[in-house]
Structures are given as structure tokens and as C-alpha cells.
Amino acid sequence: MVDALRRAHDMVRPGGWVVDLHPTAAIASVEVGMHVTGRVDGGDAPLRHAAAGAALATVLDAGLFAVDRAVEFTFYTYGDTIEELRDYIEENWRDGRIDDTVVRRTRDALREAPGTRPRVREQVRLTKLHAIS
């Protein structure tokens with residue numbers, strides 16, 4: 001990640017901008033409404049996401065970029081069913097999976113909340129970086 005940000009710095013003219021967008025190290029949860037039914041097993045995702053944050057701090061400390069703005073926000077991925085959501089996570093996340101216990105708990109919660117869709121909740125950080133010459 002540090003190398004990628006250094007390359008980005010080399011490609012951006014002084015005074016230019018780069019946007020960094022990545023999940024935080026917080027573990028993603030599965031929810032039905034406001035009820036958390038379990039966690040997404042992201043494998044080493046929390047470590048990778050923490051490393052991305054550390055890499056960003058490294059290039060800031062090196063004076064390659066300055067933070068113009070940063071915001072952390074909640075990002076939701078919805079499924080029509082827990083099975084659809086489980087399959088999406090397995091197909092699109094590097095090591096992500098929703099285990100059978102969470103699927104079962106989510107099915108139970110959905111029966112108690114008709115019309116509600118299951119979702120995965122992630123925390124994401126967006127940082128607008130200003131290239132320093």
C-alpha cells in the first residue's frame with residue numbers, strides 16, 4: 001500500500017489530489033434492521049485494512065501528501081435473502097464468508113421482521129489527499 005501511494009504521488013502533479021477509500025479494521029456485521037445477527041468472517045481483512053491505514057499514515061509522515069478532508073461512514077450491502085447476501089460476500093470479498101450459525105440466526109430474525117432485508121454493515125474511511133511537491 002505504501003508503494004501504491006508513492007506511485008500515486010509520482011503520477012500526480014504538485015497540488016493535485018488523490019482519494020483513498022478503504023474499509024476500516026472494524027469487523028463487518030450482519031444485521032436485520034437494528035439487530036446484529038453475527039459477524040462476517042473476513043479472514044485477514046481486519047489486518048489488511050489496518051495495514052492500509054498505517055500505509056496512509058506513513059506517506060503522510062513522509063510529507064508526500066497532506067489530508068484535505070477525511071470522513072468515516074457506514075456502508076451497507078443488502079440482499080433479498082440471507083443466502084443471496086452470503087453468496088455475494090463469498091463471491092466478491094477476498095476471504096469473506098457468513099457462517100451457518102449466522103445464516104440461521106438471520107433467518108430467525110427475518111421471520112420476526114417481515115419485509116426487512118438482511119444487510120452487511122461495514123465502516124469505510126474516505127480521505128482526500130493533497131499532493132505535496
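Here is what the cut-offs are and how they apply
Residues numbered from 1 in each chain as written. Predicted model: local features only at pLDDT ≥ 70, side-chain atom pairs only at ≥ 80, totals over all residues. Heavy atoms only, no water. Helix = DSSP H or I, 4+ residues; strand = E, 2+ residues; numbered from the N terminus. Rg over C-alpha atoms; globule rule 2.2 N^0.38 Å. Buried < 20%, exposed > 50% of the residue type's maximum accessible area, 1.4 Å probe, protein only. Contact = heavy atoms within 4.5 Å. Areas by Shrake-Rupley, 256 points an atom, 1.4 Å probe, with all protein chains shown as cover. Lys, Arg positive; Asp, Glu negative; His and termini not counted. Charge placed at Lys NZ, Arg CZ, Asp CG, Glu CD. Salt bridge = Lys/Arg side-chain N within 4 Å of Asp/Glu carboxyl O. Core = buried A, V, L, I, M, F, W, Y, C linked by side-chain atoms within 4.5 Å.

1. Overview of the overall build of the protein
Across its full length, the protein holds 4 helices and 5 strands. Ordered by position in the sequence, the α and β elements of the protein form the string α-β-β-β-α-β-α-α-β. Relative to the globule expectation of 14 Å for 133 residues, the C-alpha radius of gyration of the protein, 18 Å, shows a markedly less compact shape. Overall, the protein is about 60 × 25 × 20 Å in size when its C-alpha atoms are taken along their principal axes. A burial count over the protein gives 37% of its 133 residues as buried. Across the protein, the fraction of contacts at a sequence separation of at least 24, relative to all contacts at a separation of at least 6, is 80%. Just so you have it, the protein exposes about 7,900 Å², and 51% of that area is on carbon and sulfur atoms. Once the 18 positive and 21 negative side-chain charges of the protein are each reduced to a mean point, those two points are 4 Å apart.

2. A word on the side chain of Gln123
When you line up the elements, Gln123 lands in strand E5 (residues 118–131). Residue classification places Gln123 among the buried residues on the basis of a relative accessible area of 19%. The contact partners of Gln123, leaving out residues within four places of it in the chain, are Pro23, Thr24, Ala26, Glu72, Phe73 and Thr74.

3. Some details on the pattern of salt bridges
If charged atoms from side chains of opposite charge come close, those side chains can pair. Scanning the entire structure with this criterion turns up 8 salt bridges. Glu31 is the partner of Arg121 in a salt bridge, and the nearest nitrogen-oxygen pair spans 3.9 Å. With Arg121 in strand E5 and Glu31 in strand E2 (residues 29–32), the pair connects residues that are 90 residues apart, well separated along the chain. Given a relative accessible area of 29%, Arg121 falls into the partly exposed group. For Glu31, a relative accessible area of 4% gives the class buried.

4. Quick word on the nonpolar core
By size, the foremost hydrophobic cluster in this structure holds 11 residues: Ala28, Val30, Val40, Ile82, Leu85, Ile89, Trp93, Ile98, Val102, Val103 and Val120. Here the element with the most residues in this core is helix H3 (residues 82–92); it accounts for 3 residues. Ignoring anything within four residues of it in the chain, the contact list for Val30 reads His35, Val36, Thr37, Gly38, Arg39, Val40, Ile82, Ile98, Val102, Thr106, Arg119 and Val120. Counting residues in hydrophobic clusters, the runner-up holds 8 residues, among them Val18, Leu56, Leu129 and Ala131.

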